[in-house]
Amino acid sequence: MNRLTRRIGDASARRPWVTIGAWVAALALVLPLAGLVGGSFVDDLVAPGSQSERAMELLEDRFPEASGGSAVAVFAVPEGERIDRHRPAVEAAVDRIAEVEHVATVSDPFTVGSVSPDGRISYVQVAFDVPPMEVKPEKIDALNEAIEPVRGDGVVAELGGDAVFINAETPTSGAEAAGLLSALVILVVAFGTIVAALVPIALALVAVAAGLGSIVLLAHATDVSTAAPTIGAMIGLGVGIDYALFIVARCRENRSAGQDNSTALSNAMSSSGAAVLFAGGTVVVAMSALALTGLGFLTSIGLSTSLVVLFAVATALTLLPALLSLLGDRIHKARRHRWLRMRRAKKSENPEQTAWWRFAHRVSGRPWPYLLAGSAVLVTLAIPALRMETGFPDAGNDATSTTHRRAYDLLAEGFGPGFNAPLLVVADLRGPGVDAAGIPELARRVADDPGIASIGEPRFSTAGDTVVLPVLPTTAPADAATSDTLERIRGIIPDNVAVSGLTAMTDDLTRQLTDTLPVFIAAILVVSFLLLMLVFRSVAVPLKAAVMNLLSIGGAYGVVVAVFQWGWLGGLFNLHETMLIASPLPTIFFAVLFGLSMDYEVFLLSRVREEYDATGDPTESVARGMAVTGRVITSAALIMTVVFLSFVANPSPLVKMMGLGLATAIVLDATIVRMVLVPASMALLGRAAWWLPRPLDRRLPRIAVETVESGDAVESNESDDLPPPPKPTPASTARIS
């Protein structure tokens, strides 16, 4: 692998303008093409094989007018007034709504009686002739324009309903730019020169731009979740900066060791470049594993994020060496005071001068107290995760700045919380079970449930073989009581009857995510264990990595539960109410965080293995590995943390959860895990950390970290016993082959 990355880097460095021109051409092709033929983003909220999916397929096949999306135009006046005083303006809005493309039917609130008991709030039910996921944002904008004149008459007018909520665009806060600025400051401090700091930022922006353009093109071929661009940009900015940072730092380290520019760059591409390739591949594997959930919107998030990460790896392996070859010494020269330059130079020559080396030895000297203390902190933070309650976010969880949230609140105020959680009871009259004559009795049995507020008149298809009963529960969509009501109804209906609607669909999604999460976690753990075992030729190292990553991820879960579900420090994050944890997030968190944690694991342990091959001392190798990577990994973690924290300012609670959870996990991983648990556990393991059974060593393919002398690979771990300490070889370098 190191030979591949060296050759790619050398080729890019020899022809820098060709490489840069190729990237410019690629962006010039992808971005305009995405604007011309790219698709729009939709959320496929169907759980395969679920009852709600069966009901929706039946409606689309036999009763398409009942399977279309719906929206609600809500009109309200202040306390003490009545909406019927503005009847002409509201009825004019109804006429304009009826003219919008794909609107099949629209109701007059004063004719059908959809006015609240106090006369303040009314709503217009809008039915589309296409499914809710296919209602384009342009049609939502047209509805907004249709109700706009009513606002001039002193009436509050908002849009809600399934189609509006599903197709709402994710708002942005602009804080992402502040995150990039903070990352630039950290890079300037780390490198001491603005040139070296700007390079990783520029590469990350190129990778994100190319990745987002590719995601838009992917949306032309398949359904892509509305959350995919945000998550892709979040991860892309973090890994894009980090991957470039690791290579630039290694190149500067090689240059400080006396190598000329071309040799320093070539060797950096061979070592850190190979680590970047492997680390990026690990993230891609973790994100692609989202397909194991069987859910379309999670699969699209995994594929979309993988695209951005692949572009981040590609820019680091090609565009970065091209830029570094053009910049020459400007990437290395830092404008610092003389005493600081001398101090840094001494530390680069003598790792024992660094705080990282001293702290690693302190931890190694008393590993058990540090291991137990660090583990106790992570376990304590993870305790709230045991009480995690998940549910699919509804319009009531979105920011009050959105029209669908304001419509949600008005409808709940005027007609009860269950109005926002409509259910559809669908009967297939061709199948055995209830027949047309039994529909009234079925409606009575459903209406008798204590969780049902009302049930509408049955609607029969033209052929008379399908019937739909609209049902309103007494509780809100994300309320646990609504799930209980849904389960009770499904327990009393015959085999030829199914319950659907957005509330039932999202409840089925939550159940499927809960069921598949253990399989998903197990698959990622197994794959990552095998990959790390291949790279480091060790059994203990991948086991240790898996356990420690689980601890840091558990801590992140716990912090998110404490903030969002329990309300701790909610005001700090501009949260005014508690909410359930969005059911897709535990799965997405695990994929993203495990992949990113493995990045730091690979970068640190590849240097530790290099030092172990050179010295044969397991304790000293960890200390030296931390000494040469500590500042870089800390800078990388700080950068990723500020990038993720910038998304906490986003108005969307879903994005807030993502930003806080990712930032927390990175902080825990870079501090407690890398600084405390890794040196403590490696000290306890000793030489056993690098043990691999001889039969396994012979059979596994070699993509391992090896010691290379004079260009020839030296075999290691050739016995069932612990590996003998190799003789120090100062000229040796680590290689991922």
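The shown structure was predicted, so the numbers you read here are calculated from the model rather than taken from an experiment. (Residues numbered from 1 in each chain as written. Predicted model: local features only at pLDDT ≥ 70, side-chain atom pairs only at ≥ 80, totals over all residues. Heavy atoms only, no water.)

1. A short note on the overall build of the protein
Across its full length, the protein carries 25 helices and 14 strands. Compactness check: the protein gives a C-alpha radius of gyration of 29 Å against a globular reference of 27 Å for 737 residues, within 12% of the reference. When its C-alpha atoms are laid out on the principal axes, the protein stretches across 90 × 50 × 45 Å. Counting the 737 residues in the protein, one finds 56% classified as buried. Counting 56 positive and 71 negative side-chain charges, the protein places the averaged centre of each group 17 Å from the other. (Helix = DSSP H or I, 4+ residues; strand = E, 2+ residues; numbered from the N terminus. Rg over C-alpha atoms; globule rule 2.2 N^0.38 Å. Buried < 20%, exposed > 50% of the residue type's maximum accessible area, 1.4 Å probe, protein only. Lys, Arg positive; Asp, Glu negative; His and termini not counted. Charge placed at Lys NZ, Arg CZ, Asp CG, Glu CD.)

2. Considering the pairing of strand E9 (residues 466-473)
Of all eight residues that make up E9, six are buried, and the element is covered over most of its length. Here six bridges tie strand E6 (residues 423-428) to E9, and the two strands are oriented antiparallel to one another. Following the sheet pairing, leucine 423 is matched in E9 by valine 471. In the sheet, strand E7 (residues 452-455) pairs with E9 via three bridges, with the strands oriented antiparallel. Note on E9: the bridge partner recorded for isoleucine 452 is proline 473. The pairing of strand E8 (residues 459-460) with E9 spans two bridges and is antiparallel. Across the sheet, residue phenylalanine 460 finds its bridge partner in E9, namely valine 467. (Pairing = 2+ DSSP bridges.)

3. Description of helix H1 (residues 2-14)
Counted at 1.5 Å a residue, the expected span for H1 with its 13 residues is 18 Å, and the 18 Å between its end C-alpha atoms agrees. Looking at H1, one finds that the buried residues are Asn2, Thr5, Gly9 and Ser12. Buried residues of H1 fall within an arc of 100° about the axis and therefore sit on the same side. In this structure, H1 carries Arg7 and Arg14 as exposed residues pointing more than 90 degrees from its buried face. (Expected span 1.5 Å × (residues − 1). Arc of directions from axis to C-beta.)

4. A look at the environment of asparagine 496
Of note, asparagine 496 is situated in the loop between helix H19 (480-492) and strand E10 (497-500). With residues near it in sequence (within four places) discarded, asparagine 496 still touches Val426, Ala427, Asp428, Leu429, Gly431, Pro432, Gly433 and Val434. In this structure the side chain of asparagine 496 is engaged in a polar contact, spanning 3.4 Å, whose partner is the backbone oxygen of glycine 431. (Contact = heavy atoms within 4.5 Å. Polar contact = N/O pair within 3.5 Å; in protein donor to acceptor, adjacent residues only side chain to side chain.)

5. Examining the sheet that holds strand E3 (residues 121-128)
With antiparallel pairing, the four strands of this open sheet are ordered in space as E2-E3-E1-E4. Looking along the sheet, the strands with just one partner apiece sit at the ends: strand E2 (103-106) and strand E4 (156-160). Between one strand and the next, the sheet's axes are offset by a mean angle of 20°, whatever the strand orientation. Note: strand E1 (residues 70-76) against E4, five bridges, orientation antiparallel. Following the sheet pairing, alanine 76 is matched in E4 by valine 156. Here helix H7 (residues 137-151) sits on the sheet and contacts E1, E2, E3 and E4; the angle it forms with E4, its principal contact strand, is near 165°. (Axes fitted to C-alpha atoms, helices over the stretch in contact; angles between N-to-C directions.)

6. Comments concerning a nonpolar patch on the surface
Residues Leu29, Leu33, Leu36 and Val37 make up a contiguous nonpolar surface patch of about 390 Å² in total accessible area. Along the polypeptide, leucine 33 turns up in helix H2 (residues 16-37). According to the relative accessible area criterion, leucine 33 is partly exposed, its value standing at 35%. (Patch = residues over 30% accessible without salt bridge, like charges linked within 9 Å, V, L, I, M, F, W, Y side chains within 5 Å. Areas by Shrake-Rupley, 256 points an atom, 1.4 Å probe, with all protein chains shown as cover. Salt bridge = Lys/Arg side-chain N within 4 Å of Asp/Glu carboxyl O.)

7. Considering the packing of helix H12 (residues 261-288) against helix H22 (residues 584-615)
The interhelical angle for the contact between H12 and H22, taken along N-to-C directions, is 160°, at an axis separation of 8 Å. By the angle between their axes, H12 is roughly antiparallel relative to H22. Note that H12 runs across H22; the crossing there is right-handed. Residue-level inspection shows Ser272, Ala275, Val276, Phe278, Ala279, Gly280, Thr282, Val283, Ala286 and Met287 of H12 in contact with H22, the latter providing Ala591, Val592, Gly595, Leu596, Met598, Asp599, Val602 and Phe603. Grouping the amino acids of the contact of H12 with H22 by side-chain chemistry returns 13 nonpolar, four polar and one charged. (Parallel < 35°, antiparallel > 145°, perpendicular 65-115°, else oblique. Left-handed = near helix turned anticlockwise from the far one by under 90°. Nonpolar A, V, L, I, M, F, W, Y, C, P; charged D, E, K, R; others polar.)

8. Brief notes about the nonpolar core
In terms of nonpolar packing, the biggest core is built from 168 residues, with Tyr243, Ile301, Phe564, Phe644 and Leu662 touching the most fellow members. Val90, Val94, Ile97 and Leu143 belong to the second-largest nonpolar core, a separate cluster that totals 27 residues. (Core = buried A, V, L, I, M, F, W, Y, C linked by side-chain atoms within 4.5 Å.)

9. Looking at unusual backbone geometry
For residues that are not glycine, phi is negative in most cases, and the peptide bond is trans in most cases. Its identity is not glycine, yet arginine 537 carries a phi of approximately 50°, on the positive side. With respect to the helices and strands, the residue arginine 537 is situated in the loop between helix H20 (502-536) and helix H21 (540-565). One non-glycine residue with positive phi stands out, namely leucine 569, at about 55°. With respect to the helices, strands and loops of the structure, leucine 569 is situated in the loop between H21 and strand E11 (581-582). Looking at leucine 569, the relative accessible area reads 59%, which means it is exposed.

10. Observations regarding the side chain of threonine 485
If you trace the backbone, threonine 485 turns up in helix H19. Residues in contact with threonine 485, not counting those within four places in the same chain, are Asp449, Gly451 and Ile452.

11. Some thoughts on the pattern of salt bridges
Side-chain pairs of opposite charge can arise whenever the charged atoms involved come near each other. Counted by the stated rule, this structure contains 29 salt bridges. Arginine 151 is the partner of glutamate 148 in a salt bridge, and the nearest nitrogen-oxygen pair spans 2.5 Å. Taken together, the residues glutamate 148 and arginine 151, both in helix H7 and three residues apart, mark about one turn of the helix. A residue is classified by how much of its surface remains accessible, and arginine 151, at 26% relative accessible area, is partly exposed.

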